[in-house]
Amino acid sequence: MKKRQFLKNSSFLVGANWVLPMISCDSPYKKQQGPVRTNWAGNVTYSTQRLEEPEQEGALLSAVKQQEKIKVLGTRHSFNGIADSQLRQLSLEKLDSNIQLSADGKTVLVNGAVQYGVLAKILQQQGFALHNLASLPHISVAGACATGTHGSGDQNGNLSTAVTAMEMIKANGEIRLFSEDSNPEELKASVVHLGALGVVTRVRLRIQPTYTVRQFVYENLPLQQLNAQFDTVFSSGYSVSLFTDWQGEKVNQLWIKKKGQGIGQEDAMPENFLGASLAQDHLHPIKEISPINCTAQMGLAGAWHERLPHFKMDFTPSSGEELQSEYFVPRSQAVAAINAIYSMGNEIYPFLLISEIRSIKKDELWLSPAYGRDSIAIHFTWKPDWENVRKLLPKIEAQLKPFQVRPHWGKLFTLDQKYLNEQYERMDDFVGLMKEMDPSGKFVNVFLQKNLLSKT
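Residues numbered from 1 in each chain as written. Predicted model: local features only at pLDDT ≥ 70, side-chain atom pairs only at ≥ 80, totals over all residues. Heavy atoms only, no water.

**Quick word on the sheet that holds strand S9 (residues 199–206)**
Pairing is antiparallel across the open sheet formed by five strands, whose spatial order is S4-S5-S9-S7-S8. This sheet does not close on itself; its edge strands, each paired only once, are strand S4 (100–101) and strand S8 (175–179). Relative to strand S5 (residues 107–111), S4 runs antiparallel, the two being bridged by two bridges. Paired with leucine 101 across the bridge in S5 is valine 108. (Pairing = 2+ DSSP bridges. Helix = DSSP H or I, 4+ residues; strand = E, 2+ residues; numbered from the N terminus.)

**Some points on the packing of aromatic side chains**
Applying the stated criterion across every chain, the model contains 13 aromatic pairs. Between tyrosine 218 and phenylalanine 273, the aromatic rings sit 5.8 Å apart at their centres with planes inclined by 50°, giving tilted as the arrangement. Linking tyrosine 218 in strand S11 (residues 212–222) with phenylalanine 273 in strand S14 (residues 272–273), this pair joins segments that are 55 residues apart in sequence. Neither residue differs from the other here; tyrosine 218 and phenylalanine 273 are each classed as buried. One aromatic cluster in this structure is built from Trp246, Tyr327, Tyr342, Phe380 and Trp382. Above the face of the tyrosine 424 ring, arginine 406 is positioned so that its terminal group lies 4.8 Å from the ring centre. (Phe/Tyr/Trp six-rings, centres within 6.5 Å; stacked < 30°, edge-to-face > 60°. Buried < 20%, exposed > 50% of the residue type's maximum accessible area, 1.4 Å probe, protein only. Lys NZ or Arg CZ within 6 Å of the ring centre and 35° of its normal.)

**Here we look at the pairing of strand S17 (residues 323–330)**
By the criterion of burial, S17 is predominantly enclosed, with eight of the eight residues buried. In the sheet, S17 pairs with strand S19 (residues 375–382) via eight bridges, with the strands oriented antiparallel. Residue pairing for S19: glutamate 326 is matched across the bridge by histidine 379. Looking at chain direction, S17 and strand S20 (residues 406–407) are connected through two bridges and run antiparallel. Note on S20: the bridge partner recorded for phenylalanine 328 is arginine 406.

**With respect to helix H9 (residues 386–400)**
In this model, H9 (15 residues) spans 20 Å end to end at C-alpha, consistent with the 21 Å of a helix rising 1.5 Å per residue. The inward-facing, buried residues of H9 abut S17, helix H7 (334–342), helix H8 (345–348) and S19. (Expected span 1.5 Å × (residues − 1). Contact = heavy atoms within 4.5 Å.)

**Focus: the nonpolar core**
Across soluble globular proteins, nonpolar side chains have a tendency to be buried as a group. The biggest cluster of nonpolar side chains holds 113 residues, and the ones touching the most others in it are Trp246, Trp304, Phe380, Trp382, Leu400 and Trp409. With sequence-adjacent residues up to four places away left out, tryptophan 304 is seen in contact with Ala120, Leu123, Gln124, Phe128, Ala129, Leu130, Leu133, Thr210, Tyr211, Val213 and Pro309. In this structure, Val64, Ile70, Ile169 and Ala171 belong to the second largest nonpolar core, which totals 11 residues. (Core = buried A, V, L, I, M, F, W, Y, C linked by side-chain atoms within 4.5 Å.)

**Comments concerning the side chain of lysine 71**
Residue position: lysine 71 is located in strand S2 (residues 71–72). Lacking a salt bridge, the buried lysine 71 has aspartate 438 as its closest oppositely charged neighbour, with an N-O distance of 7.5 Å. Within the structure, the side chain of lysine 71 is placed 2.9 Å from the backbone oxygen of glycine 195, a separation counted as a polar contact. Beyond its immediate sequence surroundings of up to four residues, lysine 71 is in contact with Ile82, Ala83, Asp84, Ser85, Arg88, Gln89, Leu90, Leu194, Gly195, Phe443, Asn445 and Leu448. (Lys, Arg positive; Asp, Glu negative; His and termini not counted. Salt bridge = Lys/Arg side-chain N within 4 Å of Asp/Glu carboxyl O. Polar contact = N/O pair within 3.5 Å; in protein donor to acceptor, adjacent residues only side chain to side chain.)

Here it is as structure tokens:
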């Protein structure tokens, strides 16, 4: 096996010392003159340098109403052109976070631009929690919900399933409220919206009393055991992740996050679990990298927001020199899908940093990758070698198409509009809602045109 090389600022590879030049995924737009702005990973150079950053709600309404074309820009953690615009982008980052707990302690109302890491600390201080968090806590609430970003857990829906109400500015400047109390079906239609319906200003999230999580890591889970005991593996914790480089007949690491303090002998974890060995020290998902920026393991109890993400909230990477793709398959077909990817292991490995496999509970949100089916997400963190990754993605997708694969909307994929339309039974209804909310196409960009609207 070749010695693995590492990237300097990758979210997975902080602390290493190998750097590749910035690459850029193709943009259909002619680049504007002026300072260059990119996404977090550096693989997308935005087509416009015009950025509206209103500090008051009145200025925000004017910015939306007056522009012919505009796209909301969040924390820039998407790896494709979903937030790109030829003419103008809009950031809500300078607006007041205005975090408000409900009187009954069941929900919290926030500015959609607030980052989960910021919100989580405030909730914890007040004795509350969210049901789940993603691997990185630095993403915004509105952006994560709009793309169906998830986290892990057999009984945990993706982050957008916590939304109970959402306030959005339509193309004509009017404000529209979607709420499970007054129009639940419309809320299901609009939460995972890909930036196609309007500008999300406020989001109400379901919360619960705070809880404690302990995290354990096992190494070298035999693939044969994963195949035979798949449900046992993924039900072993509140949140479970597998990390693999698709080499050999094993999974590199199994991360088990258990809910609760753990005070009795019955809570002790065995040294061996289905042939995997309990790690004797804290680990990074890639073992050769220092775990200094990873959340604490070894069964050390901590608040939910300090264990559910893989990376610490006070670690904020300025950039991540990596590419990411992710594919969702029905849980019922996950074993076959995972083994199909293992068959490509030697082809994938030279361009891969690490892969993660997680479970997500099904939901009823129209464009959620977990719509209507319990799902397993197969994630790829790639080296920043777009030319080779571009060639690999269609091959991976061909392996997964027999399992009705759906891509993560904010990451790199090559599946076409016809195929995507077939995977979402409410897609035509969603496009109809798009035309109602935005009849002039103010929020339509090349990403939406290509993946939702084009019939060619």
